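# Structure assessment
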Amino acid sequence: MKDLTPQEMLRIDLHPPKTPWMDIPVKIKPGVYCYPAKPEKLEVVGMPHPHKWSPLDDDWGLPEDWKEIVLNGMRERLEKYRSFKIFMDICVRCGACADKCHFFLGSGDPKNMPVVRAELIRSVYRGEFTRAGRILGRLAGGRKLTEDVLKEIWYYMFQCTECRRCSLFCPYGIDTAEVTIIGRELINLLGLNINWIQEPVANCYETGNHLGLLPHTFKQNIEFMCMDIEEFVGIKIDPPFNRKGAEILFVTPSGDIFADPGIYTLSGYLMLFEHLGLDYTWSTYACEGGNFGFFTSMEMAQRLNAKIYHEAKRLGVKWILGGECGHMWRVVHQYMATFNGPADFLEEPVSPITGTKFENAKSTKMVHISEFTADLIKHNKLKLDKSRNDHLKVTFHDSCNPSRGMGMFEEPRYIIKNVCNNFYEMPENTIREQTFCCGSGAGLNAGENMEIRLRGGLPRANAVKYVHERFGVNMLACVCAIDRAVLPASMSYWVPEVKVAGVSELVGNALIMEGENERSVDLRGEPIPGRGEEEVSEDV
Amino acid sequence: MGLIVSLGAVLAIVVVAWIGGQVPGLQGLFGIVVPYVAFVTFLFGFMYKVVNWARSPVPFRIPTTGGQEFSLPWIKWSKLDNPSTTAGVVGRMALEILLFRSLFRNTRAEHRSGWLIYGPSKWLWLAALGFHYAFFTIAIRHLRLFTQPIPGLIEAIDKIDGMFQIGAPPIYITDVVFILAVGFLFCRRLFLPKVRYISLPADYFPLFLLLAIGTTGILMRFFFRVDIVNVKALAMGLASFHPVIPEGIGAIFFIHITLVSSLFAYFPFSKLMHMGGVFMSPTRNLANNSRMKMHINPWRTPPKFHTYEEYEEKYRDLMKDAGIPLERE
């Protein structure tokens, strides 16, 4: 697949075949599926049926009573989630969702139409749980749960990034993400998770972060970035770790601590907090905002999320500030307090700089860094030199979860417009609530499934390409660590001239700090054009 | 296959009712027993389904947010597409149920020489809205057969619906809209490859049923005229629980009423239950206030997680060497 050129990849036919989908057996393809979870990674968190298996084998090593396990699991979830029960019953198959999915638009695989993805499970629901389906079978749209059906469900549950774009367009609000979440829970009853999700889950459980950074490494990585900041900005920062009595606990996805370009977003946070003299702390224990448990099961999401409140309580902070991340914010915004609250040991968040009460976070007591920063800018608490970002023509990618599971659109735009002079929106059907997924969310940012990632990333990349060609856009800003991890690959394939940055990195570039140097390079150490250091960097 | 089976099923209903309506002894079955059974099935089936849904809790607040959330005071908040108050939710639901707000967003995506193009696509919305309002008005109009004296409102609706005075008796606007809209919905199912691919017998069957109901209704009014006085006597009898079968009601009437009965009886066991479900969809009927207000999951269990104490126990030496503060040295 690596050899497919963008032109070849673009030969996509959105016309499904005439054969009914139930008659087309699943074919699991390299480049699309992800490697199975290693048994030891399941054992760490006590998940059921750890075993070695391969998606390409006929025999998946299922337990003898696998069918019973799945059907009982379905029954249990029908009783636990009204959403699941209703979504199994009321779809009219109008097709409004069909061409809203990035995976369908990028692959043309008709089973990636959200309606069919849900029908994969709905057909089993009808065939096994409804009287009409049990008696009439296919005539009532029902089918029995067989190994082939299970494999098909597995294959397509891991081709959905739970982005909820389809649910926005559904006249009944049927949310495929909800179906996928429950579908994956069922898959996990049989030990069939993918390793790209399971290993971060195991790591996060033990070390506190997906990458498995041990406490000292976590600290060191942040200190490395402080050294960079000292070199590029001329400011020495000594960030606090596990400090009791701090006012604010800061939690961000560990991707920001680890890899380019997320680390520059980290630099942005560090500089902002230093500039403000913020009374805050990092934690090496609750050091992951992201939550791959959310891509495994609700229970696992809750177990990983529990650390944040647990640590906030131990450290005695007043409230929690969260970094830029997508699904982290869906979990924080829609689930966290219900999972592990009430957070009555914390106080309602108030910005110590502006005195602004964050009304919208008064129960969960966790504020988004973009909300925090936008408020600072609005109150003129930051001195900003926009021209330092003048070499950038910026567009903003709304991440799925903060868009459709929260509704944070204006804050990051307000920040960008205050730190950059050149900001251009992508076409309206591809931004805000209609935004397209990066193509690799919900734990699908592995290496082995690169073809489907690039295909899923096409609708986003295509819109970026449009503003690149029209306005010369060369920087894709975002507020999501997975975006920062995966969009560079998608961009280098589809629009190689465009780079990716977190919004806080752009803030860090523009931020005028007391005692800083003349800032001839940006946070990446690259010369800022027109600031006299163009040639110097190579010669050192 | 689904298409033919569904068509066959509806034709079978027509044939059975047609024959049944002409056998004097069976008129009571098709004119009285079948409608009663169907209505009771509908009523109890509908209630059972809704109660059954309601028995499953809503553990998490999962609204799909379609606009800017309630945030800082100077940021314009999208009160209807992203409501965080009950009033906002009522507004959002009203837009959804009365105007099909989400369907109105519909777009059509196409690949055109390397570009993905999204065009507006309102036909589905228009046909869906047209069909539902026409059907609703037709149902209201039919109440004139079940009431004596006929309430003014129903008379008025009847008058407005026939206001163009075309033909004798006048053609109803809603009849035309109904047939056109259902016809459109049927055609897109048949001719749009994506929609055809996802269509099941359960999608064709209600469309055929509706078309048959509409057609027999129109035939009765314009071509095979039935004695409206007798039809009304039968309807009044049903409504007052003193059912009678008057003489001389045409066979077409029995076909019509049997088709309608089939629709009623089929309703609770089918996708048509979206009528009830749309009110209860957790992605639409919840306020986006989960960071503002504590919500309880009734089946929550406390999580088993790796506590800080266990963490420090495991990594104490590493933490100590790195100068990270500890609970116990």
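The rules behind the values
- Residues numbered from 1 in each chain as written.
- Chains lettered and ligands numbered in written order.
- Predicted model: local features only at pLDDT ≥ 70, side-chain atom pairs only at ≥ 80, totals over all residues.
- Helix = DSSP H or I, 4+ residues; strand = E, 2+ residues; numbered from the N terminus.
- Rg over C-alpha atoms; globule rule 2.2 N^0.38 Å.
- Buried ≥ 20, exposed ≤ 12 C-beta atoms within 10 Å, placed from the backbone.
- Contact = placed C-beta atoms within 7 Å.
- Axes fitted to C-alpha atoms, helices over the stretch in contact; angles between N-to-C directions.
- Left-handed = near helix turned anticlockwise from the far one by under 90°.
- Nonpolar A, V, L, I, M, F, W, Y, C, P; charged D, E, K, R; others polar.
- Core = buried A, V, L, I, M, F, W, Y, C linked by C-beta atoms within 7 Å.
- Pairing = 2+ DSSP bridges.
- Domains from an automatic or database assignment.
- pLDDT = per-residue confidence, 0-100.
- Parallel < 35°, antiparallel > 145°, perpendicular 65-115°, else oblique.
- Expected span 1.5 Å × (residues − 1).
- Bend = angle between axes of the 7 residues up to and from the residue.

## Comments concerning the overall build of chain B
Within chain B one finds 13 helices and two strands. Computed over the C-alpha atoms, the radius of gyration of chain B is 28 Å, more than 25% above the 20 Å expected from 2.2 N^0.38 for a compact globule of 329 residues. Considered along the principal axes of its C-alpha atoms, chain B spans approximately 100 × 50 × 45 Å. In chain B, buried positions account for 34% of the 329 residues.

## Side note on the overall build of chain A
Scanning chain A from N- to C-terminus turns up 23 helices and seven strands. Over its C-alpha atoms chain A spans a radius of gyration of 24 Å, differing by no more than 12% from the 24 Å that the globule rule assigns to 540 residues. In terms of principal-axis extent, the alpha carbons of chain A reach across some 75 × 50 × 40 Å. Taken across its 540 residues, chain A has 62% of its residues classed as buried. The contacts of chain A with a sequence gap of at least 6 include a subset with a gap of at least 24, amounting to 76%.

## Some details on the interface of chain B and chain A
Taken together, the contact pairs 80 residues of chain B with 94 residues of chain A. Mapped by element, the contributors of at least two residues to the side of chain B that touches chain A are α4 (101-104), β1 (107-112), β2 (115-120), α8 (193-198), α9 (201-222), α12 (274-280) and α13 (308-321) of chain B. At six residues, the largest contribution of residues to the side of chain B that touches chain A is made by α13 of chain B.

## Description of the packing of helix α3 (residues 66-80) of chain A against helix α10 (residues 176-188) of chain A
Residue and element names in this part refer to chain A. The geometry of α3 relative to α10 is characterised by a closest axis approach of 9 Å and an angle of 140° between their N-to-C directions. Read as a crossing pair, α3 and α10 show a hand that is right-handed. Note on element contacts: α10 touches α3 through I182, E185 and L186, opposite V70, G73, M74 and R77. Looking at the contact of α3 with α10, its residues break down into four nonpolar, one polar and two charged.

## Here's the deal with the nonpolar core
The nonpolar side chains of soluble globular proteins are, as a tendency, buried together. With 233 residues, the main nonpolar core has I320, I416, V464 and A477 of chain A as its most contacted residues. Not counting residues up to four positions away in its chain, the partners in contact with I320 of chain A are I248, L249, V251, I308, A312, K365 and M366 of chain A.

## What to know about the sheet that holds strand β7 (residues 499-502) of chain A
All names here are of chain A. Taking strand neighbours across the sheet as the criterion, the three strands line up as β5-β6-β7 in an open arrangement whose pairing is parallel. Single-partner strands in this sheet number two, and they are β5 (394-397) and β7. The sheet shows a mean angle of 35° between the axes of neighbouring strands, direction not considered. Against the sheet, helix α21 (residues 481-494) makes contact with β5, β6 (475-478) and β7, and its axis sits at roughly 165° relative to β7, the strand it touches most. Here helix α22 (residues 503-510) sits on the sheet in contact with β6 and β7, set at roughly 80° to β7.

## Considering the pairing of β2 of chain B
All names here are of chain B. In the sheet, β1 pairs with β2 via six bridges, with the strands oriented antiparallel. Along β2, the bridge assignment pairs H111 with L116. The loop that links β1 with its antiparallel partner β2 comprises two residues; one of these, S113, has a positive phi angle of about 35°.

## Side note on the domain arrangement of chain A
Residue and element names in this part refer to chain A. Domain assignment breaks chain A into domain 1 (6-30 + 48-192), domain 2 (201-378) and domain 3 (386-530). Look at where the C-alpha atoms of domain 1 and domain 3 centre, and you get two points 32 Å apart. At the interface, 16 residues of domain 1 touch 19 residues of domain 3. At the level of secondary structure, the elements contributing two or more residues to the side of domain 1 that touches domain 3 comprise α1 (6-9), α5 (102-107) and α9 (165-169). The element that contributes the greatest number of residues to the side of domain 1 that touches domain 3 is α5, accounting for five residues. Residue composition of the side of domain 1 that touches domain 3, by class: eight nonpolar, five polar and three charged.

## Quick notes on the sheet that holds strand β1 (residues 248-251) of chain A
Adjacent strands of a sheet pair through backbone hydrogen bonds, lying either parallel or antiparallel. Residues and elements named next belong to chain A. With parallel pairing, four strands are arranged side by side in an open sheet as β2-β1-β3-β4. Strands with a single pairing partner mark the edges of an open sheet, and in this sheet they are β2 (280-281) and β4 (366-368). Note: β1 against strand β3 (residues 319-322), four bridges, orientation parallel. Within the sheet, the bridge partner assigned to V251 lies in β3 and is G322. Relative to the sheet, helix α15 (residues 298-315) contacts β1, β2 and β3, its axis offset from that of β1 by approximately 150°.

## With respect to the environment of P412 of chain A
Residues and elements named next belong to chain A. Examined against the element boundaries, P412 turns out to sit in helix α19 (residues 410-419). Sequence separation between P412 and P110 is 302 residues, and the spatial gap between their C-alpha atoms is 35 Å. Contacts of P412, omitting those with residues within four sequence positions, involve S370, F396, V479 and V503.

## Structural notes on the confidence of the model for chain B
In the predicted model, chain B carries a mean pLDDT of 95, and the fraction of residues at 70 or more is 100%. Both confidence scores are given for the complex: pTM 0.96, ipTM 0.95.

## Some thoughts on the packing of helix α12 (residues 215-233) of chain A against helix α14 (residues 262-276) of chain A
All names here are of chain A. Orientation of α12 relative to α14, taken along the N-to-C sense of each, is 75°, at an axis distance of 10 Å. One way to sum up the angle between α12 and α14 is to call them roughly perpendicular. Contacts between α12 and α14 pair I222, M225, C226, D228, I229 and V233 from the former with I263, L266, S267, L270 and M271 from the latter.

## Thoughts on the confidence of the model for chain A
With 98% of its residues at a pLDDT of at least 70, chain A reaches an overall mean of 96. Here residues 536-540 of chain A is a poorly scored stretch, pLDDT under 50, and it has one contact once near neighbours within four places are set aside; other chains count.

## Description of helix α16 (residues 327-340) of chain A
Residue and element names in this part refer to chain A. Compared with the 20 Å implied by 1.5 Å per residue over 14 residues, the 17 Å span of α16 between its first and last C-alpha is markedly short. Along α16, the sharpest kink reaches roughly 55°, centred on Q334. Burial within α16 is extensive, with 13 of its 14 residues counted as buried.

## Details of helix α11 (residues 195-207) of chain A
Residue and element names in this part refer to chain A. For α11, with 13 residues, the first-to-last C-alpha span of 17 Å sits near the 18 Å given by 1.5 Å per residue. Burial runs high along α11: 11 of the 13 residues are buried. Listed as buried for α11 are W196, I197, Q198, E199, P200, V201, A202, N203, C204, Y205 and T207. Close packing links the buried residues of α11 with α2 (39-44) and α15. The positive-phi residue at the C-terminal boundary of α11 is G208, with phi of around 100°.

## Thoughts on the pairing of β3 of chain A
All names here are of chain A. Where burial is concerned, the two faces of β3 agree: the one with W319 and L321 and the one with I320 and G322 are both buried. In the sheet, β3 pairs with β4 via three bridges, with the strands oriented parallel. Of the residues in β4, the one forming a bridge with I320 is M366.

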